[in-house]
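Spelled out, the chains give:
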Amino acid sequence: MGRKFCVGGNWKMNGDKASVAELCKTLSAGPLDPNTEVVVGCPAPYLSLARSQLPETIGVAAQNCYKVAKGAFTGEISPAMLKDLGLGWVILGHSERRAIFGETDELIAEKVAHALAEGLKVIACIGETLQEREAGQTEAVCFRQTKAIAAQVKDWSNVVIAYEPVWAIGTGKTATPEQAQEVHAALRKWFTENVSADVSNAIRIQYGGSVTAANCRELAAKPDIDGFLVGGASLKPEFIQIVNAKQ
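Rules used in this analysis
Residues numbered from 1 in each chain as written. Predicted model: local features only at pLDDT ≥ 70, side-chain atom pairs only at ≥ 80, totals over all residues. Heavy atoms only, no water. Helix = DSSP H or I, 4+ residues; strand = E, 2+ residues; numbered from the N terminus. Rg over C-alpha atoms; globule rule 2.2 N^0.38 Å. Buried < 20%, exposed > 50% of the residue type's maximum accessible area, 1.4 Å probe, protein only. Contact = heavy atoms within 4.5 Å. Areas by Shrake-Rupley, 256 points an atom, 1.4 Å probe, with all protein chains shown as cover. Lys, Arg positive; Asp, Glu negative; His and termini not counted. Charge placed at Lys NZ, Arg CZ, Asp CG, Glu CD. 1 Å grid on protein atoms, 1.4 Å probe; cavity = no way out; pocket = protein on both sides within 12 Å on 5 of 7 lines; lining within 4 Å. Points joined across faces, edges and corners; volume = space filled by probe spheres on them. Core = buried A, V, L, I, M, F, W, Y, C linked by side-chain atoms within 4.5 Å. Nonpolar A, V, L, I, M, F, W, Y, C, P; charged D, E, K, R; others polar. Phe/Tyr/Trp six-rings, centres within 6.5 Å; stacked < 30°, edge-to-face > 60°. Lys NZ or Arg CZ within 6 Å of the ring centre and 35° of its normal. Salt bridge = Lys/Arg side-chain N within 4 Å of Asp/Glu carboxyl O. Axes fitted to C-alpha atoms, helices over the stretch in contact; angles between N-to-C directions. Parallel < 35°, antiparallel > 145°, perpendicular 65-115°, else oblique. Left-handed = near helix turned anticlockwise from the far one by under 90°.

Quick notes on the overall build of the protein chain
Step number 1: Within the protein chain one finds eleven helices and eight strands.
Step number 2: Rg of the C-alpha trace for the protein chain: 17 Å, near the compact-globule value of 18 Å for 247 residues, within the 12% margin.
Step number 3: Considered along the principal axes of its C-alpha atoms, the protein chain spans approximately 45 × 45 × 35 Å.
Step number 4: In the protein chain, which comprises 247 residues, the proportion classed as buried is 51%.
Step number 5: Pairs at least 24 apart in sequence give 72% of the contacts found in the protein chain among residues at least 6 apart.
Step number 6: Carbon and sulfur atoms make up 53% of the accessible area of the protein chain, which amounts to about 11,200 Å² in all.
Step number 7: The distance from the centre of the 25 positive side-chain charges to the centre of the 27 negative ones in the protein chain is 3 Å.

Written out as structure tokens, the structure is:
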């Protein structure tokens, strides 16, 4: 069995009721490749709206959640609340959460573990900054971030890893398909050596970093790229073409 291609759209802090409804309409009309798993990361206030307006074949993800079920954590949401809304997914560890909100590798790992324990599927994000890449630290950073998650996770069947070179997010710069494949292959090797060959073969590794309709096919053709986590382009009609990159 090959790994099922998985494309996530991260809407970030964008949208209102009207535009979310419009996006849901576009996605529902498709047509979307039935062999590709599709998940959209929606801002928290519109999660119920998106879930109610999308077909069950499209997953809806929160863009964050906390590491415990409930309590005095003003402004946070828990996996239990997401499940209560009928949601199946959450995006954790996005570079913006790390860089802007100061989330550590350890906190992200704890969040991933709790979300999985509560029955959610997780898109766990890792990736290096431009400074780190230029210093030759790409693999060291990605392995460190993955290792923190691996210390908390025993069952990987509901985890998708999203490799996002931070320098290629929203900058219009994209890692070349070769650069992306190189990191994906290194990550898969890391899983073989540090988790297991079975997990390494099965785990899906998405590429995220200025994916567009223009470059998605070339990226999708690489053997270790199992999908995309798409930012800006997921708010546009071209997201349909990106979902269909394997067709």
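Looking at the environment of A117
Step number 1: The residue A117 is located in helix 5 (residues 105-117) in this model.
Step number 2: Sequence separation of A117 and R98 is 19 residues, and the distance between their C-alpha atoms is 22 Å.

So, empty space enclosed by the protein
Step number 1: Across all of its chains, the model carries one cavity of 30 Å³ or more by this definition.
Step number 2: Looking at the largest cavity, the residues that line it are G93, H94, S95, R98, C125, I126, G127, E164 and V166.

Points about the nonpolar core
Step number 1: Counting 65 residues, the largest nonpolar core has V90, V112, W156, I161, Y207 and F228 as the members making the most contacts within it.
Step number 2: Ignoring any residue separated from it by four or fewer positions in sequence, one finds W156 in contact with I149, A150, I161, F191, V195, V199 and I203.
Step number 3: Counting ten residues, the second-largest nonpolar core is a separate cluster that includes C6, W89, I123 and L229.

Here's the deal with the layout of surface pockets
Step number 1: In this structure, the largest pocket spans a volume of roughly 430 Å³.
Step number 2: As for the largest pocket, its lining consists of 18 residues, and the residues nearest its centre are K12, M13, Q63, R97 and F101.
Step number 3: Of the residues that constitute the lining of the largest pocket, the class distribution is eleven nonpolar, four polar and three charged.

Structural notes on the packing of aromatic side chains
Step number 1: For the structure shown, the criterion picks out six aromatic pairs.
Step number 2: On the basis of an interplanar angle of 45 degrees and a centroid distance of 4.9 Å, the ring pair of Y66 and F73 is categorised as tilted.
Step number 3: With a relative accessible area of 17%, Y66 lands in the buried category.
Step number 4: Ring geometry for W190 versus F191: centroids 5.4 Å apart, planes at 90 degrees, classification edge-to-face. Across the pair, F191 and W190 agree in class, each one buried.
Step number 5: Grouped by ring-pair contacts, the aromatic residues F143, W156, W190 and F191 constitute a single cluster.
Step number 6: The ring of F101 has R97 sitting right over it, with the charged end atom 4.1 Å from the ring centre.

A few points about the pattern of salt bridges
Oppositely charged side chains can form a pair if their charged atoms are brought close together.
Step number 1: Inspection of the entire model under this criterion finds 14 salt bridges.
Step number 2: Put simply, E128 and R133 hold a salt bridge, and the shortest N to O gap is 2.8 Å.
Step number 3: D224 is the partner of R188 in a salt bridge, and the nearest nitrogen-oxygen pair spans 2.6 Å. On the criterion of sequence distance, the pair formed by R188 in helix 8 (residues 177-194) and D224 in the loop between helix 10 (216-220) and strand 8 (227-230) is long-range, its members being 36 residues apart.
Step number 4: For R188, a relative accessible area of 7% translates into the label buried.
Step number 5: Each of R3, R188, D224 and D226 takes part in one network of salt bridges that share partners.

Concerning the packing of helix 7 (residues 138-150) against helix 8
Step number 1: Relative to each other, helix 7 and helix 8 sit at 40 degrees, their axes nearing to 11 Å. By the criterion of interaxial angle, the relationship of helix 7 to helix 8 is oblique. As for the relative orientation of helix 7 and helix 8, their crossing is right-handed in sense. Taken together, the residues of helix 8 that come into contact with helix 7 (itself represented by T138, E139, C142, F143, T146, K147 and A150) are V183, A186, L187, W190 and F191.
Step number 2: Residues of the contact of helix 7 with helix 8, tallied by class, amount to eight nonpolar, two polar and two charged.

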